[in-house]
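Descriptive analysis of the structure
Chain residues, written in single-letter form:
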Amino acid sequence: MTAVRVEVRDLTKTFGSGDGQVPAVDRVSFDLRQGEFVALLGPSGCGKSTILNMIAGLIPHSGGSIRVDGTPVQAGKVMPQVGYVFQRDTVFAWRTVARNIGYGLEIKGMPKAEREAKVAHMIAQARLKGFEDAFPLTLSGGMRQRVSLMRTLIMEPQILLMDEPFGALDTHTKLEMHQILLELWERERQTVVFVTHDLAEALTLSDRIILLSARPGRIKEDFTVPFPRPRDAIRLRETKEYGEVFAKVWHSLGEEFAVTKAD
Amino acid sequence: MIIHFGRWGLLALILATWQWGWNLKPTLGWLVPTVLDPYFVSKPSIIYNRFLELSCLSLPKGGWAFTDWSGFTACVGSPKGSLWTHTLATLRNTFWGFLVGVTSGVSVGLLLGRSETLAKIFEPYIVAFNSLPRVALVPLIIIMFGLGDMSKVITALTLVFFVVFFNTFEGTRSVDRDLVNAARFLGASNWQVTWTVYVPSALAWVFASLSPAISFALIGVIVGEFIGSERGLGKVIIEAEAQLQIADMMVALVVLMTIGVSLVLVFRSVERRLLRWQRHHAERT
């Protein structure tokens, strides 16, 4: 068995105080092992992003514990081995593509020549060649999100937290992003937590899907995604196995959508 | 094309009315307003000639500055060519008032924008001081700092500071939290976040305040010169008022307008360069 990188125990989050308390996440427990690609899937408002943000230390948790590599997570404290990709576009609009991607290395004080070589490599991998000196406002949403992704990956995080990073993209661009992410991940095999409400996306990318119930978020089911790797984001969807697993998880997810609607 | 035509046409119309409008008074009567009386507003031709004299472009002993450099320098040094001395004094004080006002406004704006506690502590003082018309402070400033340049710089600076401060403060507070978090995840320290996220994000706000800040710096200096000074365009205007030398006053006003416009144009080009990542700037270049 490989090492546990992230350990979540009875994780609870309530927003508000006193009578106005709203439970968002209710006693969630799971382990993430080295190199595992896990999708947190659930209807909107189920607290999946909240769980991710608690693991990242962006917001404090109300109960339970989170350990990353054995160290308890503290809100407001960034762990160097953790990378985070935001749902919203968070590229620095005043930096060019190359300087966005090189940001973390620049902050670290890496010499310019070494930095530029690494940035050029990342730009090639993200299929952004020719856009090195472009400012983000002149790029498409998909390109900007690739810049965000590469800006995080260049720091070589061992644990990657992604909050619906492709949520705002159209279907076609999304598939392209899946393909790029799969290629990159095959090489480094980071431990990934990927938040999404898109089942197809979760099946395409992950080894395991943690399905959350409607608010308050509890773990409803923990599915293993059996598809072999390396995967082809487009061809995968044509296989019979894909259809079968999709139907199984879809049924369970559908029950939660029904609950959300009934609210 | 039609815009250019309209602009220059309007200028010609204004100058022509100013120059010859009063001549029509006997025929048109009340249709020609009394403000066109050259006794109040002089005439473009007289102002132009007065400008040439005061600027030493036409020399007192005859001839043109363009062909007689030594004559020009002698004229500028004499009391006759004092327009240069006055203009330079006003420009210098405006520059220092602006520079110190912007620097302090940006620094304090960033500091209070980054620290909730400091912002809360200083808030009532800033509101109180800002609601006081700064021009009312000029007599006090002159008592404290004398009739010289220092009091003008201080007046300009108190006006400039608040415009720039409020903009920087707002700009810093409205920085996207996710951008800050993104920078932290990429390893940035507090100081690095300030420098690489807050400052560039707030820059657009700062620049938005610089054009008004230039105007405010000029206002501060001129008002200071009105109330008490040794030199400066404000002093030229006040003296011209006392002696009813309208042409002299108009020359000073035209010089002031030229200074204001030039400074704003300079800042626009700096802004375009520094904010070229913004869409509307990108499209223009």
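Just so it is clear, the model here is predicted, and its values are computed rather than measured. (Residues numbered from 1 in each chain as written. Chains lettered and ligands numbered in written order. Predicted model: local features only at pLDDT ≥ 70, side-chain atom pairs only at ≥ 80, totals over all residues.)

So, on to the domain arrangement of chain A. Where the parts come together, the accessible area they lose is often given as the size of the interface. Residue and element names in this part refer to chain A. Segmenting chain A into domains produces domain 1 (4-81 + 159-262) and domain 2 (91-156). For domain 1 and domain 2, the distance between their C-alpha centres works out to 26 Å. Residue-level contacts link nine residues of domain 1 with nine residues of domain 2. Classifying every residue of the side of domain 1 that touches domain 2 gives seven nonpolar, one polar and one charged. (Domains from an automatic or database assignment. Contact = placed C-beta atoms within 7 Å. Nonpolar A, V, L, I, M, F, W, Y, C, P; charged D, E, K, R; others polar.)

This paragraph deals with the interface of chain A and chain B. Facing 20 residues of chain A, the contacting portion of chain B comprises 15 residues. Mapped onto the side of chain A that touches chain B, the elements with two or more residues apiece are β6 (82-85) and α3 (103-108) of chain A. Per-element accounting of the side of chain A that touches chain B gives the leading share, four residues, to α3 of chain A. Taken together, the residues of the side of chain A that touches chain B break down into 13 nonpolar, four polar and three charged. (Helix = DSSP H or I, 4+ residues; strand = E, 2+ residues; numbered from the N terminus.)

The subject of this paragraph is the nonpolar core. Counting 123 residues, the largest nonpolar core has Leu40, Leu161 and Val193 of chain A together with Val160, Ala213 and Ala217 of chain B as its most contacted members. In terms of residue count, helix α11 (residues 190-227) of chain B provides more of this core than any other element does, 15 residues in total. Counting only domains with at least three residues in this core, you end up with domain 1 (4-81 + 159-262) and domain 2 (91-156) of chain A. Beyond its immediate sequence surroundings of up to four residues, Leu161 of chain A is in contact with Leu52, Ile55, Ala56, Val82, Gly83, Tyr84 and Val193 of chain A. (Core = buried A, V, L, I, M, F, W, Y, C linked by C-beta atoms within 7 Å. Buried ≥ 20, exposed ≤ 12 C-beta atoms within 10 Å, placed from the backbone.)

Attention now moves to the sheet that holds strand β7 (residues 159-163) of chain A. All names here are of chain A. Pairing in this open sheet of six strands is mixed, and the strands run β6-β7-β8-β3-β9-β10 from one edge to the other. Edge positions in the open sheet fall to β6 and β10 (219-224), since each of these has one partner strand only. Looking at each pair of strands side by side, their axes are set apart by 15° on average, direction ignored. Two strands pair when backbone bridges link them, and β7 and strand β8 (residues 191-196) are joined in this way by five bridges, in the parallel orientation. The partner of Ile159 across the bridge, within β8, is Thr191. (Pairing = 2+ DSSP bridges. Axes fitted to C-alpha atoms, helices over the stretch in contact; angles between N-to-C directions.)

All right, on to helix α4 (residues 112-125) of chain A then. Residues and elements named next belong to chain A. Helix length check: α4 (14 residues) gives 20 Å between terminal C-alpha atoms against 20 Å at 1.5 Å per residue, within 8%. Looking at the buried positions of α4, the neighbouring elements they touch are α2 (97-101), α3 and α5 (141-153). Trailing α4 by a residue or two, Arg127 shows a phi angle of about 55°, which is positive. (Expected span 1.5 Å × (residues − 1).)

Residues and elements named next belong to chain A. The end-to-end C-alpha distance of α5, which contains 13 residues, comes to 18 Å, matching closely the 18 Å that a straight helix rising 1.5 Å per residue would cover. Within α5, ten of the 13 residues are buried, which leaves it mostly tucked inside the rest of the structure. Here the buried face of α5 lies against β6, α2, α3, α4 and α6 (171-188).

All names here are of chain B. With their axes 10 Å apart at the nearest point, α11 and helix α13 (residues 246-274) run at an angle of 170° to one another. With respect to each other, α11 and α13 are oriented roughly antiparallel. Judged by residue contacts, Leu203, Phe207, Leu210, Ser211, Ile214, Ser215 and Leu218 of α11 engage Leu256, Gly260, Leu263, Val264, Phe267, Glu271 and Leu274 from α13. For the contact of α11 with α13, a count of residues per class yields ten nonpolar, three polar and one charged. (Parallel < 35°, antiparallel > 145°, perpendicular 65-115°, else oblique.)

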